[in-house]
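# Descriptive analysis of the structure
Letter by letter, the chains look like this.
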Amino acid sequence: MYLKTGNIKWRMTRDKLFLGLVIIMSIIAIIPVILIITKLISKGIRQINLDFFIRVAPDTFEAMTAVSNGEIIPGGILNGITGTLLMTLIAALIAIPLGILVGLYLYENPSQRFAGLVRDVSDILQGVPSIVLGLIAYLWIVKQVTNGFSALAGSVSLSIMMLPLVIRTTEETMKMIPISIKEAGLALGVPYHKVILRVLIPTGMSGLVTGILMAISRVIGETAPLMLTALGSPAVNFIIDRPTSAVPLLIWEFYNDPNMIDLIWSSALFLLGFVLTLNLISKRIARNTTP
Amino acid sequence: MTGNKITRILLGSSSILVLLLTAGMVYSLINGAIPVFNEYGLKFITSAEWNPTEGSEYYGALSFIIGTLITSGLALVICLPLAFSASLFIGEYFRRSGISHVVGTLINLLAGVPSIVYGLWGFYVLRPLVVDLGLSSQGFGIFTAGLILAIMIIPYATSISTEVISMVPNELKEAAYSLGATRFEVIANVIVPNARSGIFASYILAFGRALGETMAVTMLVGNSNAIPGGLFDTGNTMASVIANQFGEAEGLKLSALIGIGLILFFITALINAIGKIIIKSFS
């Protein structure tokens, strides 16, 4: 069959051409990430100083004055950092326990029809666009619970985003634990909840932590759902039923204000650095613990 | 044994909670969209007129639905050769070598970059490039949005297809080599036919990702509320119209935006379900 496809010279050339094409295309595929990171570093590093972390975002007037005087824009993104940490923390507190319980259920009942349904629904949940989750949190929390834009609403939208990731991680991690470990516990007459808390979770801890860090890094850069829920705030806020800022929300505000261009890049650099660090840490944990 | 029972009930009820949560989401979206469907009926989906001006209000979502499908479709077309090459690079040609680890890590990094950072980069780097190439005067539009989406979905299109490509049994490949096939012929006649449903599924899932992307698209698509006339024309997508017009929305307009969210929810759920079914039948 192959011998019919042409003479050997052409076949060898075609083989090399294709390899060349694959290499060129692969290089093109990795160029954007390199360009993005270098652009953010070269444009953003100048503005990152101590103030950047301990002061709130400047208003337009302050920024305009600084720009027209040729100075560095005063202020930082403290209100964004605290808001992001607050909302991510609450989202994690909602999503992690629930996600682990559901993941354990799926692990315990792998072939049950109800579990299959839960698994499918969780997959669907994972595909829901974040902006739609923003709408949901708006309808549920902003309209019904806090009667206004709030950190809680932002957290709820982020927690729905995290939930399917935590469920999937838990189930996958538990599947990797040798069943004999679990059975040893049960054979000793240890109650099932203690087997979960003392055997399954500690054994699978590194896998769980990896998955949870991945889930957090996924939601920490989210902007769209927060625009519909947390809205943003010029001051540091830790009250969960008040509007709250977040780093991505600040980037969006800076982007819409021509005076703040310098702050855009430093905030974006900070956000990307934060997300990628979480990513790297979770990958490292995963690599160190997989046999 | 009551302790065990409580534990099992706790696990089971958490799972029920997830189902209720999802059902509640669908219910709330439908409930919120009822006013707009009452007002315009199916015209809400089939009309491309979007006019929030008071007095002559009219809400039709067609131009956003089309805008979403075109930008995501374009993204998929641009992404396809890149992702396919990258998965061959990582999963076949340079399997388990240092260089494929580097390429794989860089491509995975793409998945970690927040949407708004893509938007900034697209606005300040990609858009001027489109202007310089003379493709459009402002650089905003379907093409630029599709381009940034293509970059964003590369990691999703690459990861599963790399996996299925590297899972093709060695015996099959070796059999072809022993018949005198070149590597290209092995890829074309053994690897791709064996891995095709997995590869196909990963592109479908990547397409699903593109459909719901908001920030980067909003910053580049031009946000004009009409059916785009061409690739370099401006347009709008379902996700970005929600993000853009939500701020001042109430009443019928809010209902229209929720209706768009409902349509987006169903389209992405459908696309994802198709992708998952293909993967399931494959494994």
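Every chain is numbered on its own, with residues counted from 1 as its sequence reads. Following the order in which they are written, the chains are lettered starting with A and the ligands numbered starting with 1. Local features in this predicted model are restricted to residues whose pLDDT is 70 or higher, and side-chain atom pairs enter the listing and the counts only when it is 80 or higher, whereas totals over whole chains, interfaces and linings include all residues.

## Thoughts on the overall build of chain A
- Secondary structure summary: chain A contains 13 helices and 0 strands in total.
- In this text, helices come from DSSP runs of H or I with a minimum length of four residues, and strands from runs of E with a minimum of two, each type numbered from the N-terminal end. When the helices and strands of chain A are read in sequence order from the N terminus, they spell out α-α-α-α-α-α-α-α-α-α-α-α-α.
- Once the C-alpha set of chain A is aligned to its principal axes, its extents read approximately 70 × 70 × 35 Å.
- Buried residues in chain A amount to 49% of all 291 residues.
- Each residue gets a C-beta atom placed from its backbone, and two residues are in contact if those atoms lie within 7 Å. If you take every contact in chain A between residues at least 6 apart in sequence, the share linking residues at least 24 apart comes to 72%. Partly exposed residues are those whose C-beta has more than 12 but fewer than 20 other C-beta atoms within 10 Å; with 20 or more the residue is buried, with 12 or fewer it is exposed, and the C-beta atoms are placed from the backbone.

## Remarks on the domain arrangement of chain A
All names here are of chain A.
- Boundaries between domains were set according to an automatic or database domain assignment. For chain A, the assigned domains are domain 1 (3-47) and domain 2 (81-289).
- Here the C-alpha centroids of domain 1 and domain 2 sit 34 Å apart.
- Of the residues lining the interface, 6 residues belong to domain 1; the matching set on domain 2 comes to 7 residues.
- Each residue belonging to the side of domain 1 that touches domain 2 can be placed in one class, and the counts come to 3 nonpolar, 2 polar and 1 charged. Residues are grouped as follows: nonpolar covers Ala, Val, Leu, Ile, Met, Phe, Trp, Tyr, Cys and Pro; charged covers Asp, Glu, Lys and Arg; every other residue, Gly included, is treated as polar.

## Observations regarding the interface of chain A and chain B
- Each side of the interface is counted separately: chain A has 63 residues, and chain B has 64 residues.
- Where the side of chain A that touches chain B is concerned, the elements lending two or more residues are helix H1 (8-44), helix H4 (78-108), helix H5 (113-127), helix H6 (130-142), helix H9 (192-203), helix H11 (224-229), helix H12 (247-255) and helix H13 (261-289) of chain A.
- Looking at which element gives the most residues to the side of chain A that touches chain B, the answer is H1(A), with 18 residues.

## Examining the environment of A:Thr203
All names here are of chain A.
- Structurally, Thr-203 is set in helix H9.
- For Thr-203, a count of 17 C-beta atoms within 10 Å corresponds to the partly exposed category.
- Once you skip the residues sitting within four places of it in the chain, Thr-203 turns out to touch Ile-177 and Ile-181.

## Description of unusual backbone geometry
- Positive phi is not limited to glycine here, since A:Asn147 has a value of about 50°.
- With respect to the secondary-structure elements, A:Asn147 resides in the loop between H6 and helix H7 (151-176).
- The exposure class of A:Asn147 is exposed, given the 10 C-beta atoms found within 10 Å.
- One non-glycine residue, B:Asn223, lies in the positive phi region at around 50°.
- Inspection of the secondary structure assignment puts B:Asn223 in the loop between helix H9 (215-220) and helix H10 (238-245).

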